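What follows is each chain in one-letter form.
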Amino acid sequence: MEFKDKVVYQIYPKSFCDANGDGWGDLRGITEKLDYLADLGVDYLWLTPFMVSPQKDNGYDVADYCAIDARFGTMADFTELVHEAKKRHIGLMLDMVFNHTSTEHRWFQRALAGDEKYQAYYVFRDGTPDKPPFDCTSVFGGPAWEYVPQLGKWYLHCFERSQADLDWENPDVREELKEVIRFWRDKGVAGFRFDVINLISKPQARTARGTVDLKSFMDGPRVHEYIKELTRDTGLADLLTVGEMSGTTIPACVRYADPAEKELSMCFHFHHLKVDYAPGNKWQRQPADIGALKKILQAWQLAMQEHGSWDAVFWCNHDQPRVVSRFGDEGRYWRTSAKMLGLAIHFLRGTPYIYQGEELGMMNAGFTAIEQYNDVESRNAYAAMRQQGLSDRAALAALAFRSRDNSRTPMQWEDGPHDGFSLVDPWLAMGRHQEITAAAEQKDRQSVFHWYQQLIRLRKQKKAIASGRIRFLYADVPDLLAYQRSDEETAAQITVLCNFSAQPLRVPDDWTGWQLLLDSASEPLKETCPLVLRPFEGIALEK
Ligand code: GLC
């Protein structure tokens, strides 16, 4: 399947567009906005989960994989969405949360009722309430085990206690999950995103004692085998697939995304998004280490290229703060930096993912009170920080830069109440900069929206961007991300030069003879010799 010139747009349905006026985005809202998405030019929409769920983790706690939560709409709405999207040459990708189910899932409920067949779907271990099978901290804080008194057993949950881990060692579990894929395939879905899929093989969870680091579950012994089996038995090779890989390694991802291995089209990995907090503590902010960012991007890109594997490239998603607030500038250089960051990602070797609102340069939420937060991880982290003695102010400051709710505030469509997202109060407060709207940016040729539109268009026009080779330049200039793409057939070359600092930056070498293809600054550069980038300016040169 050929997808190198395609771009994926991620939708967080709950915050995208509310068509039925209940403060909660829905499938019909997405259908209403398809013309906007077609105008932007994206090829696929990845929708985060809208299946039946108690919403303890905003849909990543699925209670029924094949039924739509009524708050998002009906199966008829979904069929219409697929149909209308197809008309605009847009495919839908669904989010499959296969590492765990909600404890409200029928399987888990049967397990709780004593059905051994279903207990074997999960990781249950006998024990007494005073001591879990082993000590392990879950991703969202607190122990990764929960005791069920009526069974005299503990069950494992790598995430929230209402997200019970499935046991992939059990072939019945694997067969059930294949059925889910077939179900959605038959509805016309064009691809899938697999949630934390590198956590599925953890045989030691059944036997280990003492203390276990959750990290030891990542990229487990049978993970490649399981993914291959899923792909083979459900015909996934004809669709676009991306696996979310938590705490993974380059060799593991090279393999997941190697076409010869027939596992996945590409992977998400996150090392480049850990350069602005203390190692192992995402709530402890540090100035972004752009040198480290450059090294990480380079190492991954070159390794993937060397093995013919394909990458997913992105800054933003529903778990990450807004990139312009993070590596860009929210003030004076807001627009220049938002565009520069878009360019930095889009011309890399891989499939770019845009998260809703990123194409407008949306910023972090700017919440100032704990009551404004909805996210379970943020709330837990706040409680933990307070318990550790941090002041209310300090804990809120940590959330304000790191919380997942920073990116989950409703999409900003147009002037008016709730920025046109909904007619009533939305489920999560609007972000602070409500003047940034899709309608305003669609009208303005200089906008971040038009810039993203151009980035997408250029990928389709220029083979160097879609499939050219990549090499990196100026490893020793700390704030300058610089790389070159080249198409071997036509010898066309594109150089990307991005200034990640608020200072002017002199780019070494003589760039005469290169044409300016893109410039993120409001006034295009006048000369390329000497080439001095202005604060947060990103340019693409062509030859
Ligand atoms: C993934 C999702 C995240 C969710 C977690 C547990 O990381 O992106 O939102 O909380 O998995 O399913």
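This text follows the structure it describes.
Model, not experiment: these values are computed from the prediction.

(A) Inspection of the site of the ligand at higher detail. Around the ligand, a shell composed of 14 residues is seen, among which Asp-57, Asp-195, Glu-244, His-318 and Asp-319 lie nearest. Note that an oxygen atom of the ligand is positioned 3.1 Å from one of the side-chain N or O atoms of Arg-193. Within the contact set of the ligand, an oxygen atom lies 2.9 Å away from a side-chain nitrogen or oxygen of Glu-244. For the ligand, the accessible surface in isolation is 310 Å², of which the surrounding protein chains cover 96%. Spatially, the ligand is embedded in the largest pocket. Across the shell around the ligand, the residue classes tally to four nonpolar, three polar and seven charged.

(B) Molecular detail of the packing of helix H12 (residues 376-387) against helix H13 (residues 392-402). For the pair H12 and H13, interaxial distance at closest approach is 9 Å and the crossing angle is 150°. Considered as vectors, H12 and H13 are oriented roughly antiparallel to each other. Between H12 and H13 lies a crossing whose hand is right-handed. Of H13, the residues touching H12 (which contributes Ser-378, Tyr-382, Met-385 and Arg-386) are Asp-392, Ala-395, Leu-396, Ala-398 and Leu-399. Along the lines of polarity and charge, the residues of the contact of H12 with H13 split into six nonpolar, one polar and two charged.

(C) Up close: the pairing of strand S8 (residues 145-148). With four bridges joining them, S8 and strand S9 (residues 153-156) adopt antiparallel strand pairing. Bridge pairing in S9 places Val-148 opposite Lys-153. Once S8 ends, the chain turns through four residues before running back antiparallel as S9, passing Gly-152 with a positive phi of about 65°.

(D) Fine view of the pattern of salt bridges. Tallied over the entire structure, the rule returns 41 salt bridges. Here Asp-319 and Arg-408 are joined by a salt bridge, their closest N and O atoms 3.0 Å apart. Of this pair, Asp-319 sits in the loop between strand S16 (312-313) and helix H10 (323-326) while Arg-408 sits in the loop between H13 and helix H14 (438-443); the two residues are 89 residues apart in sequence, bridging distant segments of the chain. Relative accessible area serves as the criterion here: at 15%, Asp-319 is assigned to the buried category. Glu-489 is the partner of Lys-463 in a salt bridge, and the nearest nitrogen-oxygen pair spans 3.3 Å. Of this pair, Lys-463 sits in helix H16 (residues 463-467) while Glu-489 sits in the loop between strand S19 (480-486) and strand S20 (493-499); the two residues are 26 residues apart in sequence, bridging distant segments of the chain. A residue is classified by how much of its surface remains accessible, and Glu-489, at 67% relative accessible area, is exposed. Salt bridges sharing partners connect three or more residues here, namely Asp-57, Lys-282, Asp-319, Asp-375, Glu-377, Arg-404 and Arg-408.

Rules behind the numbers
Residues take numbers from 1 onward in each chain, read along the sequence in its written order. Where totals are concerned, whole chains, interfaces and linings use all residues; where local detail is concerned, this predicted model gives features only for residues with pLDDT of at least 70, and gives and counts side-chain atom pairs only at 80 or more. Where side-chain values are given, they derive from all heavy atoms of the structure, hydrogens and water being excluded. Near, as used in this document, describes a residue that has one of its heavy atoms within 4 Å of the molecule or strand being considered. In the analysis that follows, any N or O atom pair within 3.5 Å is treated as a polar contact, provided that within protein one partner can donate a hydrogen and the other can accept it, and provided that, for residues neighboring in sequence, both atoms belong to side chains. Each accessible area value is a Shrake-Rupley result obtained with a 1.4 Å probe; residue values ignore everything except the protein chains displayed when judging cover. Using a grid of 1 Å spacing that covers the protein atoms alone, one calls a set of points a cavity when a 1.4 Å probe fits there but cannot get out, and a pocket when the set is open and has protein on both sides within 12 Å along at least five of seven lines; lining residues are those with an atom within 4 Å of a point. A cavity or pocket is said to hold a molecule if more than half of that molecule's atoms lie within 2 Å of its grid points. Three classes are used: nonpolar for Ala, Val, Leu, Ile, Met, Phe, Trp, Tyr, Cys and Pro, charged for Asp, Glu, Lys and Arg, and polar for all others, with Gly counted as polar. In this description, a line fitted to the C-alpha atoms serves as the axis of each element, helices being fitted only across the stretch in contact, and the angle between N-to-C directions of two axes falls anywhere from 0 to 180 degrees. Counting from the N terminus, the helices are DSSP H or I runs at least four residues long and the strands are E runs at least two residues long. In these notes the angle categories are as follows: under 35 degrees is roughly parallel, over 145 is roughly antiparallel, 65 to 115 is roughly perpendicular, and the rest is oblique. Rotating anticlockwise by less than a right angle from the far helix to the near helix defines a left-handed crossing, while the corresponding clockwise rotation defines a right-handed one. Note on contacts: a residue pair qualifies if any of its non-hydrogen atoms lie within 4.5 Å across the two residues. Strand pairing is assigned whenever DSSP detects at least two bridges linking the two strands. Criterion for a salt bridge: a side-chain nitrogen of Lys or Arg within 4 Å of a carboxyl oxygen of Asp or Glu. Throughout this description, buried means an accessible area under 20% of the type-specific maximum (1.4 Å probe, protein chains only), exposed means over 50%, and partly exposed covers the range between.

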